[in-house]
Amino acid sequence: MLLLLLLQVLASCLWLGQSDVVPSFQSCPQFFFRATPPNNALQPNNPAWICQRYNNQYHYATLYNRDLRIPVYSAYLYQPGPGKRPKIWLVEPQLMGEHYPKAMEREWTLINYFNVSLEQLFQSQAILKDYKNLTGLNRGHLNPSGHHSDSSSRTATFTLTNIVPQDEKLNGGAWNNYEQQTMISKTKDCTTTYVVVGAVPGNNYIAKGRVNKPSHIWSSACCEMGNNQKKSWAVIAENDKNEVQVITLGDLENRLTQLYRKGQVSLFHQDCPRY
């Protein structure tokens, strides 16, 4: 009896230490300014809160839309550094159920070592097959690998729960320029930069209606500087044009309020300036 009790306690501790898909972001609040995620005005009907875990460490947070099989947004700390672009694609086993592995994994590994069928993965989320033979679209990262300083964090961004079908010209053009150039200049005086980047669901789909193609891609940042000063900025792009609009955080929140129609959107804690 005592041995059984000890095993139950040990299992409980392991579970708490491994939890990823959770009812909120309580396991990974560090990716949000003042530990405050965006409000419920962005929340889909069938959400999954994912503390994105790889190599036994949390790297960012994602709100995932189970029905449309795309992320609503990903939140992370901007910490760019040199390094190679990973050549791996991962999925989130826990979207199939709580008793599956607690960290992102390769499809091949789950099928061959965890007795998972491709159909189980297929029903729970987007899979690699959904993104094959795309025309005019890429697998677009919300949280880009280039905004991370180490190999594990960069690899962790290569999960399909962080990917949307993105216009290939936008992804390789104006959006890439924002990620790689504008962010560098904007964050010059920042000590810590919190980023929330997301996608507005659209009316079109890929993979025979399985995966939504967003109408817009957007990103927002809250920057902490010295002397307790803060600043913010934001961008939005239509997902069929190679053009990015740089706007204020307040303007983006108002635009998203109109696009989502679920009430006033708030992306950061109120201490982050809107204009």
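Each remark here, short or long, concerns the structure printed above.
Note that the structure is predicted; figures quoted are calculated from it, not measured. Note that residues are indexed from 1 along each chain, following the sequence as it is written. Under the rules for a predicted model, residues below a pLDDT of 70 receive no local features and side-chain atom pairs below 80 are neither given nor counted, while totals for whole chains, interfaces and linings still include all residues. Water and hydrogen atoms were dropped before computing side-chain values, which therefore reflect all heavy atoms in the structure.

**Thoughts on the pairing of strand β11 (residues 230-238)**
This is how it is decided: Two strands pair under a simple rule: DSSP has to find at least two bridges between them. Only DSSP runs of H or I reaching four residues or more are called helices, and only runs of E reaching two or more are called strands; each is numbered from the N terminus.
Bridge count for strand β10 (residues 216-224) against β11 is 9 bridges, and the pairing is antiparallel. Bridge assignment links isoleucine 217 to a residue of β11, and that residue is alanine 237. The turn linking β10 back onto β11 is made up of 5 residues, and asparagine 227 within it adopts a positive phi angle of 60°. Pairing of β11 with strand β12 (residues 245-247), which is carried by 3 bridges, proceeds in the antiparallel orientation. Directly across from valine 235, in β12, lies its bridge partner valine 246.

**Considering a nonpolar patch on the surface**
What counts here: A patch is a set of surface residues, each over 30% in relative accessible area and not in a salt bridge, joined within 9 Å for like charges and within 5 Å for the nonpolar side chains Val, Leu, Ile, Met, Phe, Trp and Tyr. Residue burial considers only the protein chains on display, and all accessible areas are found by Shrake-Rupley using a 1.4 Å probe. Any Lys or Arg side-chain nitrogen located within 4 Å of an Asp or Glu carboxyl oxygen qualifies as a salt bridge.
A contiguous nonpolar surface patch, about 410 Å² in accessible area, is contributed by Trp108, Tyr113 and Phe114. If you trace the backbone, phenylalanine 114 turns up in the loop between α2 (107-113) and α3 (118-124).

**Brief notes about the state of the cysteines**
What counts is decided by this rule: Disulfides are defined as cysteine sulfur pairs within 2.5 Å.
Applying the stated rule across the entire model yields 3 disulfides. Here cysteine 28 pairs with cysteine 51 through a disulfide, and the sulfurs are 2.1 Å apart. As the torsion about the S-S bond is roughly -80°, the cysteine 28-cysteine 51 disulfide counts as left-handed. In this pair, cysteine 28 sits in the loop between β1 (21-22) and β2 (47-54) while cysteine 51 sits in strand β2, placing the two residues 23 residues apart along the sequence.

**As for helix α7 (residues 249-260)**
Side chains of residues three or four places apart in an α-helix project in the same direction, reflecting 3.6 residues per turn. The cut-off we apply is this: In this scheme, a helix's expected span is set at 1.5 Å multiplied by one less than its residue total. Remark: exposure states derive from per-residue accessible area (1.4 Å probe, protein chains only) relative to the maximum for the residue type, with buried under 20%, exposed over 50%, and partly exposed in between. In this description, one arc is meant: the one made by directions from the helix axis to the C-beta atoms. By definition, residues are in contact when any of their heavy atoms lie within 4.5 Å.
For α7, with 12 residues, the first-to-last C-alpha span of 16 Å sits near the 16 Å given by 1.5 Å per residue. Taken together, the buried positions of α7 are Leu249, Gly250, Leu252, Glu253, Leu256, Thr257 and Tyr260. Seen end-on, α7 carries its buried residues on one side only, within an arc spanning 160°. Those residues of α7 that are buried are in contact with β4 (70-77), β7 (192-200), β10, β11 and β12. Count one or two residues on from α7 and you reach arginine 261, which has phi positive near 55°.

**Examining the nonpolar core**
Going by this rule: Nonpolar cores were defined as sets of buried Ala, Val, Leu, Ile, Met, Phe, Trp, Tyr and Cys residues, with membership established by side-chain atoms within 4.5 Å.
Core analysis: the largest hydrophobic core is formed by 49 residues, its most contacted members being Leu121, Tyr131, Trp175, Ile217 and Trp233. For this core, the elements supplying multiple residues, two or more each, are β2, β3 (57-65), β4, β6 (163-167), α6 (174-186), β7, β10 and β11. At 4 residues, the largest contribution of residues to this core is made by α6. Excluding residues within four positions of it along the chain, tryptophan 175 makes contact with Gln166, Leu170, Val197, Ile217, Trp218, Ser219, Val235, Ala237 and Val244. Judged by nonpolar contacts, the second largest core, of 32 residues, contains Leu77, Ala234, Leu256 and Val265.

**Some thoughts on the packing of aromatic side chains**
Basically, it comes down to this: Note on aromatic contacts: the rings of Phe and Tyr and the six-membered ring of Trp form a pair at centre separations within 6.5 Å, being stacked when their planes are under 30 degrees apart, edge-to-face when over 60 apart, and tilted otherwise.
Summed over all chains, the structure comprises 6 aromatic pairs. On the numbers, 6.4 Å between centres and 50° between planes, the contact of phenylalanine 25 with tyrosine 73 is tilted. Here phenylalanine 25 is found in the loop between β1 and β2, whereas its partner tyrosine 73 is found in strand β4, with 48 residues between them in sequence. Residue classification places phenylalanine 25 among the buried positions, given a relative accessible area of 6%. Owing to a relative accessible area of 2%, tyrosine 73 belongs among the buried residues under this scheme.

**Considerations on unusual backbone geometry**
Its identity as a non-glycine residue notwithstanding, asparagine 55 has a phi of 55°, on the positive side. Positive phi values are uncommon outside glycine, yet arginine 69 reaches one of about 60°. One can find arginine 69 in the loop between β3 and β4. Arginine 69 gets classed as buried once you look at its relative accessible area, which sits at 14%.

**Considerations on the pattern of salt bridges**
Close approach of charged atoms allows side chains of opposite charge to pair. All told, the structure shown has 5 salt bridges when counted by the stated rule. The closest approach of N and O atoms between aspartate 271 and arginine 34, which form a salt bridge, is 3.1 Å. Of this pair, aspartate 271 sits in the segment after α7 while arginine 34 sits in the loop between β1 and β2, and the two are 237 residues apart along the sequence. When its relative accessible area of 37% is taken as the criterion, aspartate 271 is described as partly exposed. Note that glutamate 253 is salt-bridged to arginine 274, the shortest N-O span being 2.8 Å. With a gap of 21 residues between them, glutamate 253 in helix α7 and arginine 274 in the segment after α7 connect regions that are remote in the sequence. Glutamate 253 gets classed as buried once you look at its relative accessible area, which sits at 5%. Through salt bridges that share partners, Arg34, Glu224 and Asp271 make up one connected network.

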